[in-house]
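# A closer look at the structure
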Amino acid sequence: MALPCTKIKKAQTTSSPRTRYPCRLTDTEIKKAKAKTNAYSKADGGGLYLWVTSSGGKFWRWSYRFDGKEKLMSLGEYPYISLSDARQKYSDARMLLAKDIDPMAQRKSEKTAKKAASENSFQSVATKWVEHCLRVPIAMRRFYKHTLCILKNCRPTNQHLHHGLLVLLCYK
């Protein structure tokens, strides 16, 4: 005697894998975000969100806590910083936070170091010297033409400075 065939129903599966933040933003949602009378935010997860201003600007922000204080870090403007770039910046900042380093303080110290390095370049020091000592416009033009074009962006401790000085001394 044959047994009747019965169909076994498959369990329904979801097409998307489980993620830590299931309601993440998409690029189309960001493009559709329009200005309203008041500024509002669209969450991406983990404290990362898109801040839409009343004038229509879209800015990436990350809200986090460090030493018991809530802090807000700006990651950039939307068209210039894409969704994936914002998530990468967020991920990098989270890595710093995991190492007990405040991401905002780190960014500020890097910016200060970059500014100090540019102020200590040979070009900026030479320009300050010329502005202080030589007030004659012809001398300034001659100095810029012959000297700064050769030594442009050389750092005082840079090995290329010595080569630039040799070229300048041999310049005819």
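Under the counting rule described, the total for this entry stands at three aromatic pairs. Taken together, a centroid distance of 6.4 Å and an interplanar angle of 70 degrees make the contact between Tyr-49 and Trp-51 edge-to-face. Judged by its relative accessible area of 23%, Trp-51 is partly exposed. Measuring from ring centre to ring centre gives 4.4 Å for Trp-62 and Tyr-64, while their planes differ by 20 degrees; the resulting arrangement is stacked. No difference in accessibility class separates Trp-62 from Tyr-64, as the two residues are buried. An aromatic cluster is built from Trp-62, Tyr-64 and Tyr-90, whose rings are joined through pairwise contacts.

For the rest of this paragraph, the subject is the sheet that holds strand 2 (residues 48-52). The strand order across the open sheet built from four strands is 1-2-3-4, with neighbouring strands paired in antiparallel fashion. Since the sheet does not close on itself, it has two edges, and those belong to strand 1 (40-45) and strand 4 (69-77), each with one partner. The mean inter-strand angle of the sheet, taken between neighbouring strand axes irrespective of direction, is 30 degrees. Sheet strands in contact with helix 3 (residues 103-119) are strand 3 (58-66) and strand 4, and its direction is about 50 degrees off that of strand 4.

So, about the side chain of Lys-58. As for its position among the elements, Lys-58 is in strand 3. Within the buried set, Lys-58 has no salt-bridge partner at all; the shortest N-O distance to an opposite charge, 8.6 Å, is to Asp-27. In this structure the side chain of Lys-58 is engaged in a polar contact, spanning 2.8 Å, whose partner is the backbone oxygen of Ile-30. Not counting the four nearest positions on each side in its chain, Lys-58 is found in contact with Ile-30, Lys-31, Ala-33, Leu-50, Trp-51, Val-52, Gly-76, Glu-77 and Tyr-78.

How each quantity is defined
Residues numbered from 1 in each chain as written. Predicted model: local features only at pLDDT ≥ 70, side-chain atom pairs only at ≥ 80, totals over all residues. Heavy atoms only, no water. Phe/Tyr/Trp six-rings, centres within 6.5 Å; stacked < 30°, edge-to-face > 60°. Buried < 20%, exposed > 50% of the residue type's maximum accessible area, 1.4 Å probe, protein only. Pairing = 2+ DSSP bridges. Helix = DSSP H or I, 4+ residues; strand = E, 2+ residues; numbered from the N terminus. Axes fitted to C-alpha atoms, helices over the stretch in contact; angles between N-to-C directions. Contact = heavy atoms within 4.5 Å. Lys, Arg positive; Asp, Glu negative; His and termini not counted. Salt bridge = Lys/Arg side-chain N within 4 Å of Asp/Glu carboxyl O. Polar contact = N/O pair within 3.5 Å; in protein donor to acceptor, adjacent residues only side chain to side chain.

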